[in-house]
Amino acid sequence: MSDSVIYGRNAVLEALKAGRNIEKLYVDRPPYTGSLGSIVNQARKARIQIQETGKDRLSELSEGGNHQGVVAVCAAVDYVELEDILNKAREKGESPFILICESIQDPHNLGAIIRTAECAGVHGVIISRHHAVGLSDAVAKTAAGALEYMPIAKVSSVAGLIDDLKKQGIWTACADMDGQDVYRTDLKGPLALVIGGEHEGITRLVKERCDFTVSLPMKGKVTSLNASVAAGILMYEAAHQRNI
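Residues numbered from 1 in each chain as written. Predicted model: local features only at pLDDT ≥ 70, side-chain atom pairs only at ≥ 80, totals over all residues. Heavy atoms only, no water.

(A) Fine view of the nonpolar core. Formed by 39 residues in total, the largest nonpolar core has its most connected members in L99, L110, I114, L135, I152, L193 and M235. Going through the elements one at a time, β5 (97-101), α5 (107-120), β6 (124-128), α6 (137-143), β9 (191-195), β10 (212-215) and α9 (227-242) are the ones with two or more residues in this core. Sorting elements by how many residues they give to this core places α9 first, with seven residues. Core analysis: the next-biggest nonpolar cluster, separate from the first, contains 20 residues, V155, L165, A192 and V194 among them. (Core = buried A, V, L, I, M, F, W, Y, C linked by side-chain atoms within 4.5 Å. Buried < 20%, exposed > 50% of the residue type's maximum accessible area, 1.4 Å probe, protein only. Helix = DSSP H or I, 4+ residues; strand = E, 2+ residues; numbered from the N terminus.)

(B) A look at the environment of L216. Inspection of the secondary structure assignment puts L216 in the loop between β10 and α9. Spatially, the C-alpha atom of L216 lies 17 Å from that of K188, the residues being 28 residues apart in sequence.

(C) Just the sheet that holds β5, in detail. Strand order in this open sheet of six strands is β7-β6-β5-β9-β8-β10, and the pairing throughout is parallel. Each having just a single partner strand, β7 (152-155) and β10 make up the two edges of the open sheet. For this sheet, the mean inter-axis angle between neighbouring strands, taken without regard to orientation, is 30°. In this structure, strand β8 (residues 171-181) lies alongside β10, joined through five bridges in parallel fashion. Residue C174 lies in a different strand from β10, and its bridge partner there is T213. Sheet contacts for helix α4 (residues 82-92): β5, β6 and β7; angle to β6, the most-contacted strand, approximately 160°. α9 contacts β5, β8, β9 and β10 of the sheet and is inclined by roughly 165° relative to β9. (Pairing = 2+ DSSP bridges. Axes fitted to C-alpha atoms, helices over the stretch in contact; angles between N-to-C directions. Contact = heavy atoms within 4.5 Å.)

(D) Summary view of α9. The terminal C-alpha atoms of α9 lie 22 Å apart, and with 16 residues this matches the ideal 22 Å at 1.5 Å per residue to within 8%. Of all the residues in α9, the buried ones are A227, S228, A230, A231, G232, L234, M235, E237, A238, A239 and Q241. Elements in contact with the buried residues of α9: β5, α5, β8, β9 and β10. (Expected span 1.5 Å × (residues − 1).)

(E) The arrangement of the pattern of salt bridges in detail. Counted by the stated rule, this structure contains eleven salt bridges. As a salt-bridge pair, E83 and R90 come within 2.8 Å of each other at their nearest N and O atoms. With a relative accessible area of 36%, E83 lands in the partly exposed category. Accessibility expressed as a relative area gives 47% for R90, which makes it partly exposed. (Salt bridge = Lys/Arg side-chain N within 4 Å of Asp/Glu carboxyl O.)

(F) Fine view of α4. Residues of α4 that are buried: L82, I85, L86 and A89. Across the axial projection of α4, the buried residues extend over an arc of 95°, all falling on one side. The elements touched by buried residues of α4 are β5, β6, β7 and α7 (158-167). Following α4 by one or two positions, G93 adopts a phi angle in the positive range, close to 65°. (Arc of directions from axis to C-beta.)

Have a look at this one:
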């Protein structure tokens with residue numbers, strides 16, 4: 001069993017009381033009786049994502065353990081705050097270089113993005129809380145050790161985050177097919193790149209908040225790239241410009 005999976009009512013309840021960073025709570029279908037009701041209520045107050053599922057799925061998650069109708073999946077590492085990411089840039093004497101992932105749902109994509117971000121000199125990655133994968137074991141495995149070095153923050157509102165970044169003097173650029181050619185765009189200075197989810201891309205509200213939009217030139221018949229591939233190209237173009 002993975003250390004990031006907790007099951008059984010008492011164990012999950014104690015994890016909630018201790019403030020463990022729980023990504024997602026899997027519970028048996030209602031009614032919620034006894035301590036299970038207390039667990040669900042506490043999880044809702046903590047704004048933890050709750051998914052109702054059947055006993056077979058709970059048994060799978062707990063690898064046959066006595067789950068008692070509840071399994072909690074915790075983050076592989078602790079999250080940081082935006083200020084921690086900005087402090088990392090200050091300590092290195094560099095302009096902030098941040099990657100924002102809006103609604104990335106594939107753990108392998110997120111893991112690959114984090115791995116590339118660490119190699120490209122990104123100071124921190126920020127992921128959205130809703131409709132997105134968290135720092136699961138699959139993400140950690142794909143990141144191949146990068147989670148140990150890359151600060152990761154999680155926010156409820158990417159649009160609100162962009163407003164905060166603007167107050168810090170950081171420009172935001174989102175990736176979108178209708179944007180200007182990234183190779184003709186100035187990406188030097190304080191910068192946050194925004195990558196959209198695999199299915200919907202960048203949401204309208206987030207796109208409107210960004211300072212400008214960039215795209216990758218597409219020469220073939222296919223009109224889009226995998227999210228982690230696109231993110232990697234954009235990050236390295238920004239890294240190239242920052243090092244000129």
